[in-house]
Amino acid sequence: MADFVPTHRPVLAAETLEALDPGPGKVLLDGTVGLGGHAARWLELTAPFGRVVGFDRDARALAVAARNLAPFGARAELIHDDYREAPRIFAERGFAAPDAALLDLGLGSHQIDDPTRGFSHRFDAPLDMRFDADAPGRTAADILARAAEPELARIFEEHGELPGARKLARALCDARRRAPIRTTTELARLVREVLPPRGRQRIDPATLVFQALRIAVNDELEGLDAAIEALVRMLPQGGRIAVIAFHSLEDRIAKRTLRRLAEPCRCRRGDPCTCGATRLLDMPERRAVKTSDEEALENPRARSARLRWGTRR
């Protein structure tokens, strides 16, 4: 197999930059830097002194980002870690507070299209699905081999919103008694045998199962709300945060968290606050920003993207 050469087209690039308000000398905390698409645009617009501190769990993506951002020299600092660790790492390294923070959540095209990673049922590959494929940790194959039937059903229901989750979990547990489920094509075949796509069904059930396992493998939703709040608290007054989500589970958490942080105190004026509201954000746009028809036509994977943003009070 020829070496896979990843490419990346940042989604909602112009809209994200408008939300983040880059300017000369400003610093961006890019929590999911990927191949560096958003970061490069930020560095171009904040020259000559603007910086990006970029985090990613995918060491392979960071290596590509380092090459892509090499022309910007020391203005791009890349860190192989989870964005949920950003407040600790900023404090330990003595970094100044960022002027903006970005989370471009979910799976990148460079990961989907890599035939060795196991993220897509388009390729025959081991069921890995770890963002950091070079570090120890459970894989999708491990979950399928060891998770009890109720746990598998919960993963498919909660992370894949899959109709027939319990039926599929039961069938997969029966199948693994006969032989381990180790590859993407094996799993996709089993899913389609149990839950065959019907008529005008928009999403292949196998796609939902792969999404659910990937989220479980990487704990993608665990602590997302707390992480968004922590990033907001790192920002100075007037700082911006932007979150791009590609499916309803992520977007629901982002929407709920940002709106909660923008909620004013609901107690009667003059009375001590008992509602617990802490208004940290202004949200000029209450609705999510969606991709234009033109972008969706050029990049079909961008169609589901939703951008939400706010300004630190």
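Provided above is the structure to which this section pertains.
Quantities reported herein were computed from a predicted structural model and do not represent experimental measurements.

Peer 1: Tell me about the packing of aromatic side chains, residues and numbers included.
Peer 2: Taken as a whole and assessed by the stated rule, the structure comprises three aromatic pairs. Centroid distance Phe55 to Phe90: 6.4 Å. Interplanar angle 20 degrees. Geometry classified as stacked. Of this pair, Phe55 sits in strand 2 (residues 51–56) while Phe90 sits in helix 4 (residues 86–93), and the two are 35 residues apart along the sequence. You can call Phe90 buried: its relative accessible area is 4%. By the ring-pair criterion, three or more aromatic residues cluster together here, those being Phe55, Phe90 and Phe95. Sitting over the ring of Phe95, Arg51 keeps its end group 5.9 Å from the ring centre. Above the face of the Tyr83 ring, Arg84 is positioned so that its terminal group lies 5.5 Å from the ring centre.

Peer 1: So what about the pattern of salt bridges? Which residues, and what values?
Peer 2: Per the counting criterion, the structure on display carries 27 salt bridges. A salt bridge links Glu77 to Arg51; its shortest N-O distance comes to 3.8 Å. With Glu77 in strand 3 (residues 76–80) and Arg51 in strand 2, this pair connects stretches of sequence that are 26 residues apart. Take Glu77: its relative accessible area is 25%, and that puts it in the partly exposed class. Classification of Arg51 as partly exposed rests on a relative accessible area of 26%. With a shortest N-O distance of 3.5 Å, Asp282 and Arg279 are connected by a salt bridge. The class of Asp282 is partly exposed, set by a relative accessible area of 29%. When salt bridges that share partners are traced, they join Asp81, Glu85, Arg88 and Glu92 into one network.

Thresholds, definitions, all that
- Each chain has its residues counted from 1, running along the sequence as written.
- Local features in this predicted model are restricted to residues of pLDDT 70 or higher, and side-chain atom pairs are both shown and tallied only at a pLDDT of 80 or more, whereas totals for entire chains, interfaces and linings draw on every residue.
- Hydrogens and waters are ignored; side-chain quantities use all the structure's heavy atoms.
- When two rings of Phe, Tyr or Trp (its six-membered ring) have centres within 6.5 Å they constitute a pair, described as stacked for plane angles under 30 degrees, edge-to-face for angles over 60, and tilted for the intermediate range.
- A run of DSSP states H or I qualifies as a helix once it reaches four residues; a run of E qualifies as a strand once it reaches two. Both are numbered from the N-terminal end.
- Think of it in three bands: with a 1.4 Å probe and only protein chains considered, a residue is buried below 20% of the maximum accessible area for its type, exposed above 50%, and partly exposed in between.
- Two thresholds decide whether a charge sits over a ring: the Lys NZ or Arg CZ must be within 6 Å of the ring centre and within 35 degrees of the ring normal.
- Throughout this description, the term salt bridge denotes a Lys or Arg side-chain nitrogen within 4 Å of a carboxyl oxygen of Asp or Glu.

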